[in-house]
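Observations on the three-dimensional arrangement
If you want the building blocks of each chain, they are given just below.
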Amino acid sequence: MDLYFTRHGRTEWNKELRFQGATGDSPLLPHSYEEIKLLGEFLKDVPFQAIIASPLKRALDTAKEINRELVQPVTIETADGLKEMGLGELEGQKIAAMQEIYPTQLNALRRFPDQYDPRAFAGETFPSVVKRFEGVVLKAMREAQSDAPILFVSHGAALTAAIHAMIGEDLADLRKMGGINNNSLTILRTEDGQLPFQLVTYNDTTFLKEERSLVSGDELI
């Protein structure tokens, strides 16, 4: 079975360099709908049996727009386990301002997951994110009616951590390939439904317009 993963379209808070997290949310930018359409067109012939999305509006709206482009649209389900990493008191705040207050924690968030301690701002740990995300994926496979692909629509930090974990990387290496871009595509494959999975494609943006396929610098927010 092939498992497809994408991050929601770019949002107003992404542009403003604000943290969003598991409860913070902001609307998709107008040009994001164009990028989502390009992703949907790229995926239009894939015979998905389901789309499972984070219930946060930026992710659910992205899932709905992708579904519009599919030759065979499917029912969209939501799962709380696909929400973004909880960032506690950081949510809605400017990244630059929080970097001044929590330099050690935010450096670890981006580069050293095994050293990340978010207790100072009531955030969520990497193991917590991975556990809930993996739970959604494994449950979806157990309940699948066929071996047809499933598409998961989620968020940058959660996707980055969970994908690395699901291919067998240790906690310290959950960001070793870098973050996940908006509207990018990652594909994992499993023959038996057991972890670890095989990595087929990571953070592919070749189907987007060239000027928008570059890393934005805000892949964690």
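Residues numbered from 1 in each chain as written. Predicted model: local features only at pLDDT ≥ 70, side-chain atom pairs only at ≥ 80, totals over all residues. Heavy atoms only, no water.

1. Focus on the environment of Phe152
Within the secondary structure, Phe152 is located in strand E4 (residues 150-154). Of the residues examined, Phe152 reaches a relative accessible area of 0% and is grouped as buried. Residues Phe152 and Ala63, 89 residues apart in the sequence, show an inter-C-alpha distance of 8.5 Å. (Helix = DSSP H or I, 4+ residues; strand = E, 2+ residues; numbered from the N terminus. Buried < 20%, exposed > 50% of the residue type's maximum accessible area, 1.4 Å probe, protein only.)

2. Regarding the pattern of salt bridges
In total, this model carries eleven salt bridges according to the counting rule given. As a salt-bridge pair, Arg58 and Asp25 come within 2.7 Å of each other at their nearest N and O atoms. Here Asp25 lies in the loop between helix H1 (12-15) and helix H2 (30-43) and Arg58 lies in helix H3 (residues 57-69), a separation of 33 residues in the sequence. For Arg58, a relative accessible area of 1% corresponds to the buried category. Of the charged contacts, one joins Arg132 and Glu124 as a salt bridge, the two residues approaching to 2.9 Å between their closest N and O atoms. A residue is classified by how much of its surface remains accessible, and Glu124, at 14% relative accessible area, is buried. (Salt bridge = Lys/Arg side-chain N within 4 Å of Asp/Glu carboxyl O.)

3. Focus: the sheet that holds E4
Hydrogen bonds between backbone groups are what pair the strands of a sheet, and the pairing can be parallel or antiparallel. Read across the open sheet, the six strands follow the order E3-E2-E4-E1-E5-E6; overall the sheet is mixed. Edge positions in the open sheet fall to strand E3 (76-78) and strand E6 (198-204), since each of these has one partner strand only. Taking the axes of each pair of neighbouring strands and ignoring which way they run, one obtains an average angle of 20 degrees across the sheet. Across the sheet, helix H7 (residues 156-166) lies against strand E1 (2-7), E4, strand E5 (185-189) and E6, angled at about 155 degrees from E1, the strand it touches most. (Pairing = 2+ DSSP bridges. Axes fitted to C-alpha atoms, helices over the stretch in contact; angles between N-to-C directions. Contact = heavy atoms within 4.5 Å.)

4. Regarding the packing of aromatic side chains
Applying the stated criterion to the full structure yields seven aromatic pairs. Consider the rings of Phe5 and Phe133, whose centres lie 6.3 Å apart with planes at 35 degrees: the pair is tilted. Of this pair, Phe5 sits in strand E1 while Phe133 sits in helix H6 (residues 126-142), and the two are 128 residues apart along the sequence. Of the two residues examined, Phe5 and Phe133, each falls in the buried class. (Phe/Tyr/Trp six-rings, centres within 6.5 Å; stacked < 30°, edge-to-face > 60°.)

5. Digging into the layout of surface pockets
Approximately 220 Å³ is the volume attributed to the largest pocket. Forming the walls of the largest pocket are 13 residues, and the residues nearest its centre are Ala50, Ile52, Glu77, Ala140 and Glu143. Among the elements of the structure, strand E2 (50-53), E3 and H6 are those that each provide at least two residues to the lining of the largest pocket. No other element matches the three residues that H6 contributes to the lining of the largest pocket. Partitioned by chemical class, the residues of the lining of the largest pocket number seven nonpolar, three polar and three charged. (1 Å grid on protein atoms, 1.4 Å probe; cavity = no way out; pocket = protein on both sides within 12 Å on 5 of 7 lines; lining within 4 Å. Points joined across faces, edges and corners; volume = space filled by probe spheres on them. Nonpolar A, V, L, I, M, F, W, Y, C, P; charged D, E, K, R; others polar.)

6. Side note on H3
For H3, with 13 residues, the first-to-last C-alpha span of 19 Å sits near the 18 Å given by 1.5 Å per residue. Among all positions of H3, only Arg58, Ala59, Leu60, Asp61, Thr62, Ala63, Ile66 and Asn67 are buried. Its buried side turned inward, H3 meets E1, H2, E2, E3 and E4. (Expected span 1.5 Å × (residues − 1).)

7. Considering unusual backbone geometry
Note that the residue after Leu195, namely Pro196, is joined by a cis bond; omega there is 0 degrees. Turning to its location among the elements, Pro196 is positioned in the loop between E5 and E6. Unusually for a residue other than glycine, Asn203 sits at a positive phi of about 55 degrees. The exposure class of Asn203 is buried, given its relative accessible area of 17%.

8. What to know about empty space enclosed by the protein
Any empty space left between atoms is shown by rolling a water-sized probe over those atoms. Applying the stated criterion across every chain yields a total of one cavity of 30 Å³ or more. The calculated volume of the largest cavity comes to roughly 30 Å³. Surrounding the largest cavity, Phe19, Ile95, Gln99, Leu106, Leu109 and Arg110 form its lining. Elements that contribute at least two residues to the lining of the largest cavity include exactly helix H4 (95-101) and helix H5 (103-111). The residue inventory of the lining of the largest cavity, partitioned by class, reads four nonpolar, one polar and one charged.

9. A few points about the pairing of E4
Across the five residues of E4, five count as buried, placing the element largely inside the fold. Neither face of E4 is open: one carries Ile150, Phe152 and Ser154, the other Leu151 and Val153, and all of them are buried. Where E1 lies against E4, five bridges are found, and the strand directions are parallel. Considered in E4, the bridge of Phe5 is made with Phe152. Strand direction decides the pairing type here: E2 and E4, joined by four bridges, are parallel.

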